[in-house]
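# Structural characterization, general
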Amino acid sequence: MNIERPSGLEEGLEALAASPEATLLAGGTDLMVEINYHARRPEHVIALRRVKELKEWDGRRLGAGVTFRRIEQGPIRALAQLARTVGSPQIRAAGTIGGNLGTASPAGDSHPFLAACDAHIELQSRRGTRTLRWDEFLVGVKRTSRQDDELITAVVLPEALPRRQEFAKVGVRSAMVIATVSACVMVDDEGQARVALGAVGPTVLRARRAEEMINSESEKSDAALAEFARLVSEEVKPITDHRSTEEYRRHAAGVLSRRLFERCLRT
Ligand SMILES: Cc1cc2nc3c(=O)[nH]c(=O)nc-3n(C[C@H](O)[C@H](O)[C@H](O)COP(=O)(O)OP(=O)(O)OC[C@H]3O[C@@H](n4cnc5c(N)ncnc54)[C@H](O)[C@@H]3O)c2cc1C
């Protein structure tokens, strides 16, 4: 196996332009599992750990190489909440937000936050830079619109993030668990809510009808909240698999979204 270790972004982009078939390695917490289980046998690896530009976190621009360990200590409430639920301390020390996007698992824990705030994903290659909205980037189960010669370089957050924001996930255990359902709810200063859900569709999704309904209600009565939860349950697109059933996921998506929304209202 040929392993390249570029020490800067330019060098990394050059290496990838020369070998677009190469496999990118960040923290390795997804990739090494696949290699260990013989699901992948890369001939050529470009290891990104020395690329310092990817580790920069400057306000709303979060480098792809920022680890969940740093994110959990960061100032953004729901982002820190979700980071705390990723794997174990060892996984969070190595695992990066760029890797979470690169894997594009429907259960990726960073995705509901990124969808709720309408984040963009920055991609760079020797051909230039492009920025895609989360739903232009995540296009299917483990599928993204990244071209082979592109690096995910950063997540770009909107200028103003709603102050009220909550993330939580449901799983078969309370720690070290892949989400059965995950959700992020944000409520802005005008009281407008956004709801994003993970692990209940091929990609993370926004419950737009539920958002529209609750945003049109001036009184968040019990009946309105119940209808909000019902609409979320209806809008998600879960499957039954080894982790859970479609029915349970629909139910949990509604309950979790309502709970997070109520928490936002209390803060
Ligand atoms: C025990 C365990 C527990 C876990 N728990 C969770 C959990 O609770 N929640 C969760 O969401 N995930 C979890 N994961 C999955 C994993 O930790 C995360 O998805 C993590 O964010 C992957 O980041 P990484 O840097 O390790 O990526 P890597 O494994 O290095 O790479 C993952 C993929 O992304 C690509 N890639 C990496 N960086 C870039 C880049 N800059 N540009 C383009 N492509 C890139 C790689 O080529 C690869 O295909 C767990 C994994 C393990 C082993």
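### Side note on the site of the ligand
Taken together, 34 residues surround the ligand, and among them Leu 24, Thr 29, Asp 30, Thr 96 and Asp 109 come closest. One of the side-chain N or O atoms of Asn 100 is found 2.9 Å from an oxygen atom in the ligand. Across the complex, the protein chains shield 89% of the 980 Å² of accessible surface that the ligand would expose by itself. For the shell around the ligand, the elements supplying multiple residues, two or more each, are strand S2 (23–25), helix H2 (31–36), helix H5 (89–94), helix H6 (97–103) and strand S10 (151–156). Looking at the shell around the ligand, the element that brings in the most residues is H6, giving 4 residues. By residue class, the composition of the shell around the ligand is 17 nonpolar, 12 polar and 5 charged.

### Describing the sheet that holds strand S4 (residues 57–58)
Across the sheet, 5 strands lie side by side as S4-S5-S10-S6-S7; this open sheet has antiparallel pairing. Edge positions in the sheet fall to S4 and strand S7 (128–133), since each has one partner strand and no second. Sheet topology note: the strand S5 (residues 61–63)/S10 ladder contains 3 bridges and is antiparallel. Opposite Arg 61, over in S10, you have Val 156 as the bridge partner. Across the sheet, helix H1 (residues 9–18) lies against strand S6 (120–125) and S10, angled at about 130° from S10, the strand it touches most.

### Examining the sheet that holds S2
With respect to topology, 3 strands assemble into an open sheet ordered S1-S3-S2, the strand pairing being parallel. Since the sheet does not close on itself, it has two edges, and those belong to strand S1 (2–4) and S2, each with one partner. Averaged over all neighbouring strand pairs, the angle between strand axes comes to 25°, with direction disregarded. Relative to strand S3 (residues 44–47), S1 is paired through 3 bridges, and the arrangement is parallel. What sits directly across from Ile 3, in S3, is Val 45.

### Describing the side chain of Gln 81
Position of Gln 81 relative to the elements: it lies in helix H4 (residues 77–84). The class of Gln 81 is buried, set by a relative accessible area of 15%. Apart from residues lying up to four places away in sequence, Gln 81 is in contact with Gln 165, Glu 166 and Phe 167.

Calculation notes
- Residues numbered from 1 in each chain as written.
- Predicted model: local features only at pLDDT ≥ 70, side-chain atom pairs only at ≥ 80, totals over all residues.
- Heavy atoms only, no water.
- Near = heavy atom within 4 Å.
- Polar contact = N/O pair within 3.5 Å; in protein donor to acceptor, adjacent residues only side chain to side chain.
- Areas by Shrake-Rupley, 256 points an atom, 1.4 Å probe, with all protein chains shown as cover.
- Helix = DSSP H or I, 4+ residues; strand = E, 2+ residues; numbered from the N terminus.
- Nonpolar A, V, L, I, M, F, W, Y, C, P; charged D, E, K, R; others polar.
- Pairing = 2+ DSSP bridges.
- Contact = heavy atoms within 4.5 Å.
- Axes fitted to C-alpha atoms, helices over the stretch in contact; angles between N-to-C directions.
- Buried < 20%, exposed > 50% of the residue type's maximum accessible area, 1.4 Å probe, protein only.

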